[in-house]
Amino acid sequence: VIASNSAFVHGAITKPETKFIVYYHTPARYMWDRTNEYKKEIGWDKGIKLFILNWMLKGLRMWDFQASQRHDITLANSSNVAKRLKKYYGLNAKIIYPNVDVERFKKEVRVDVPLPVKEYYIIISALTEFKRVDVSIKAFAQMQDKNLVIVWSGNYRETLEKFSSQNVHFTGPKYWDELVALLQNSSWLIFSGEEDFGIVPIEAFGAGKPVFAYKGWWLAETMLEWVTGEFFEDKNGWDFVEKFKIFDTNIIAGKYKKDEIQKVAEKYSEDEFEKQIREVVGF
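First things first, this report covers the structure right here in the doc. (Residues numbered from 1 in each chain as written. Predicted model: local features only at pLDDT ≥ 70, side-chain atom pairs only at ≥ 80, totals over all residues. Heavy atoms only, no water.)

### Points about the sheet that holds strand 4 (residues 94-95)
Inference 1: Read across the sheet, 4 strands follow the order 1-2-3-4 without closing on themselves; strand pairing throughout is parallel. The open sheet has two edge strands with one neighbour each: strand 1 (2-5) and strand 4.
Inference 2: Alignment of strand 2 (residues 21-24) against strand 3 (residues 73-76), held across 4 bridges, turns out to be parallel. Counted as the bridge partner of Tyr 24 is Ala 76 from strand 3. (Pairing = 2+ DSSP bridges. Helix = DSSP H or I, 4+ residues; strand = E, 2+ residues; numbered from the N terminus.)

Here it is in structure tokens:
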């Protein structure tokens, strides 16, 4: 039995003779390291609601730890997740990066997606407070000659739109070839949030697009600086504009090569993922 887990499925109960493998994308964030943010997001951070939620979370953590001790083989989708598995569950995990459909983003598509601008930088992200899209929006308010296109939706979109400048454009959700076309026609991808493992930057590598990102968590592990992109280092984006302009200059100077970026993406292909999973399973 192979469980792909980010919350409860690692608690499945199997027969003693069954090999049980759990592939962790994260220990449940709201139970462990982002509990306070979760309470605030759902509005249960005060009064009786906070008391009830704290009581519920205490029981969930106890169950979660016990559930984590049942399986035979532990896999993690990044070294960051592996460190958290060790911290919260005491587990030693083998790292296997997730598979990404990079071929989909390599293929040229001919789809016209109406936009009010021709040249733009792109963010593809669920619009929640945790994704820190606000960092990029605030930076673009200082760069009125640059256009930012934000793809996807979420409960934080209305808040983001309220303080966005005129050079920031929201498209809503886009799928299939439309999404590929938007990424392929952009200047590069911006990723200002923190993830255990972010699929979108790898998809950008597949399209041969460099990435400008916050230097934290998994990106420092998987992105090759000066090959697939560059970083800003302050979590709140105080150095965003300065580093952005340096990156822009490097791209104009031709320092980033499409074929080299796409070669990095191959490390996360479906074939490579299947090969490693087969080795773990034993066939």
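### Overview of the packing of helix 8 (residues 199-206) against helix 11 (residues 258-265)
Inference 1: It is at 7 Å that the axes of helix 8 and helix 11 come closest, and there the two elements cross at 135°. The orientation of helix 8 relative to helix 11 falls into the category oblique. Together, Ile 202, Phe 205 and Gly 206 of helix 8 and Ile 261, Gln 262, Val 264 and Ala 265 of helix 11 make up the contact between the two elements.
Inference 2: Among the residues making up the contact of helix 8 with helix 11, the classes are represented as 5 nonpolar, 2 polar and no charged. (Axes fitted to C-alpha atoms, helices over the stretch in contact; angles between N-to-C directions. Parallel < 35°, antiparallel > 145°, perpendicular 65-115°, else oblique. Contact = heavy atoms within 4.5 Å. Nonpolar A, V, L, I, M, F, W, Y, C, P; charged D, E, K, R; others polar.)

### Looking at the packing of aromatic side chains
Inference 1: A complete count under the given rule lists 23 aromatic pairs for this structure.
Inference 2: Ring centres 4.4 Å apart and planes at 40° place the aromatic pair Trp 188 and Phe 247 in the tilted group. Of this pair, Trp 188 sits in the loop between helix 7 (176-184) and strand 8 (189-191) while Phe 247 sits in helix 10 (residues 240-252), placing them 59 residues apart in sequence.
Inference 3: With a relative accessible area of 0%, Phe 247 lands in the buried category.
Inference 4: When the centroid spacing of 5.0 Å and the interplanar angle of 50° are considered together, the rings of Phe 232 and Phe 240 count as tilted. As far as burial versus exposure is concerned, Phe 232 and Phe 240 are alike and both buried.
Inference 5: A connected cluster of aromatic rings, assembled from ring pairs, spans Tyr 121, Phe 140, Trp 188, Phe 212, Tyr 214, Phe 232, Phe 240, Phe 244, Phe 247 and Tyr 256. (Phe/Tyr/Trp six-rings, centres within 6.5 Å; stacked < 30°, edge-to-face > 60°. Buried < 20%, exposed > 50% of the residue type's maximum accessible area, 1.4 Å probe, protein only.)

### Thoughts on a nonpolar patch on the surface
Inference 1: Judged by side-chain polarity, Ile 48, Phe 51, Ile 52, Trp 55 and Met 56 come together as a nonpolar surface patch covering roughly 590 Å² of accessible area.
Inference 2: For Met 56, the location among the structural elements is in helix 2 (residues 47-68).
Inference 3: Using a relative accessible area of 41% as the deciding quantity, one classes Met 56 as partly exposed. (Patch = residues over 30% accessible without salt bridge, like charges linked within 9 Å, V, L, I, M, F, W, Y side chains within 5 Å. Areas by Shrake-Rupley, 256 points an atom, 1.4 Å probe, with all protein chains shown as cover. Salt bridge = Lys/Arg side-chain N within 4 Å of Asp/Glu carboxyl O.)

### What about helix 10?
Inference 1: Taking 1.5 Å per residue, 13 residues should reach 18 Å; helix 10 reaches 18 Å between its end C-alpha atoms and fits that length.
Inference 2: All of the buried residues along helix 10 are Phe 240, Val 241, Phe 244, Phe 247, Asp 248 and Asn 250.
Inference 3: The inward-facing, buried residues of helix 10 abut strand 5 (121-124), helix 5 (133-140), strand 8, strand 9 (211-214) and strand 10 (229-232).
Inference 4: Just beyond helix 10, the residue with positive phi is Gly 254, at close to 80°. (Expected span 1.5 Å × (residues − 1).)

### Quick notes on unusual backbone geometry
Inference 1: Non-glycine residue Trp 176 carries a positive phi angle of around 50°.
Inference 2: Locating Trp 176 in the fold gives a position in helix 7.
Inference 3: One non-glycine residue, Trp 226, lies in the positive phi region at around 75°.
Inference 4: Mapped onto the fold, Trp 226 is located in the loop between helix 9 (219-222) and strand 10.

### Topic: the packing of helix 5 against helix 10
Inference 1: Put simply, helix 5 and helix 10 touch, their axes get as near as 10 Å, and they point 75° apart. If you check the angle between helix 5 and helix 10, you find them roughly perpendicular. Contacts between helix 5 and helix 10 involve Val 135, Ser 136, Ala 139 and Phe 140 from the former and Phe 240, Val 241 and Phe 244 from the latter.
Inference 2: For the contact of helix 5 with helix 10, a count of residues per class yields 6 nonpolar, 1 polar and no charged.

### Some thoughts on the nonpolar core
Inference 1: With 59 residues, the main nonpolar core has Phe 140, Ile 150, Ile 190, Phe 240 and Phe 244 as its most contacted residues.
Inference 2: Dropping the residues within four chain positions of it, Phe 244 is found in contact with Tyr 121, Phe 140, Met 143, Lys 146, Trp 188, Ile 190 and Phe 212. (Core = buried A, V, L, I, M, F, W, Y, C linked by side-chain atoms within 4.5 Å.)

It is worth stressing that arrangement in space is one thing and function is another; only the former is reported here.
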